[in-house]
Amino acid sequence: MKFTALALPGVVEIDIEPETDARGFFARLFDAEAFAAQGLPTHFAQASLSRNERAGTLRGLHYQASRPEAKLVRCVAGRAFDVIVDLRRSLPTYGRWCAVELCADRANAVFIPAGCAHGFQTLVDRTELMYCIDVPFDAQGAAGIRWDDPSLAIAWPLSDPILSARDRALPYLA
């Protein structure tokens, strides 16, 4: 596995290093020792799957207010523009965002530390993302920020996103 730090502290893109032959390839997606060496969690409390039928579907920007969660997110079908917003007030990167394209063909992933909001926009139909989350989900602590918050100025790749009513009603960061 190859670990690449992104623009926000603790946000890491993880690429596989496939062993290929005529049949295809085999690659490690998770290795506790390699994750520990990078300072990443080696235990996840739950795994979830997000299936999205149409390109342009936008989910986010979500976070846990009461019990911040770290996530490992991987695209297992299709492609997605994955966005992380730093909500850690103690850091100079508070309110900044970074993005990575997750692609099933690359099998790359992104690690998102606790204290960040997360969202994505699908780039093709039938895109699926798998989340490994370090703490159990707390429905009472579920929170979010508007995807189109002008203070963030996120450059979403597709216009006119497909949104849930809940995501349309999320507050601005300020």
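All of these numbers come straight from a predicted model, not from anything done at the bench.

S.K.: What's the story with the overall build of the protein in this structure? I'm lost.
M.R.: When helices and strands are tallied, the protein shows 2 helices and 13 strands. For 174 residues, the compact-globule estimate of 2.2 N^0.38 gives 16 Å, and the protein sits close to it at 16 Å. Here the protein holds 174 residues, and the buried ones make up 48% of them. Long-range contacts, defined here as pairs at least 24 residues apart, represent 78% of the contacts in the protein between residues at least 6 apart. Total accessible area on the protein stands at roughly 8900 Å², and carbon and sulfur atoms take up 53% of it. The centroid of the 18 positive side-chain charges in the protein is displaced by 4 Å from the centroid of its 21 negative side-chain charges.

S.K.: Help me understand the environment of T93, please; the structure alone is not making it clear to me.
M.R.: Here T93 lies in the loop between β8 (79–86) and β9 (97–103). Among the residues examined, T93 registers a relative accessible area of 9% and is labelled buried. Measuring from C-alpha to C-alpha, the distance between T93 and A7 comes to 8.9 Å, with 86 residues separating the pair along the chain. If sequence neighbours within four positions are ignored, T93 has contacts with L8, P9 and D86. Within the structure, T93 has its side chain in polar contact with the side chain of D86 (distance 2.5 Å).

S.K.: Teacher, can you tell me more about the nonpolar core here?
M.R.: Among the nonpolar cores identified, the biggest contains 16 residues, and V73, I84, L102, V110 and L129 are the most heavily contacted of them. Every element with two or more residues in this core is listed here: β7 (71–77), β8, β9, β10 (109–112), β11 (116–122) and β12 (127–133). Apart from residues no more than four positions distant in its own chain, V73 is found in contact with D82, L102, A109, V110, I112, H118, L129, M130 and Y131. A117, I145, L152 and L173 belong to the second-largest nonpolar core, a separate cluster that totals 15 residues.

S.K.: I would appreciate a short explanation of the sheet that holds strand β5 (residues 46–52) in the present structure.
M.R.: Adjacent strands of a sheet form backbone hydrogen bonds with each other and so pair up, either parallel or antiparallel. The strand order across the open sheet built from 6 strands is β1-β2-β10-β7-β12-β5, with neighbouring strands paired in antiparallel fashion. In this open sheet, the two edge strands, each paired with only one partner strand, are β1 (2–5) and β5. Ignoring strand direction, the axes of neighbouring strands in this sheet form an average angle of 25 degrees. Strand direction decides the pairing type here: strand β2 (residues 12–15) and β10, joined by 3 bridges, are antiparallel. Paired with I14 across the bridge in β10 is A109.

Cut-offs used in this document
Residues numbered from 1 in each chain as written. Predicted model: local features only at pLDDT ≥ 70, side-chain atom pairs only at ≥ 80, totals over all residues. Heavy atoms only, no water. Helix = DSSP H or I, 4+ residues; strand = E, 2+ residues; numbered from the N terminus. Rg over C-alpha atoms; globule rule 2.2 N^0.38 Å. Buried < 20%, exposed > 50% of the residue type's maximum accessible area, 1.4 Å probe, protein only. Contact = heavy atoms within 4.5 Å. Areas by Shrake-Rupley, 256 points an atom, 1.4 Å probe, with all protein chains shown as cover. Lys, Arg positive; Asp, Glu negative; His and termini not counted. Charge placed at Lys NZ, Arg CZ, Asp CG, Glu CD. Polar contact = N/O pair within 3.5 Å; in protein donor to acceptor, adjacent residues only side chain to side chain. Core = buried A, V, L, I, M, F, W, Y, C linked by side-chain atoms within 4.5 Å. Pairing = 2+ DSSP bridges. Axes fitted to C-alpha atoms, helices over the stretch in contact; angles between N-to-C directions.

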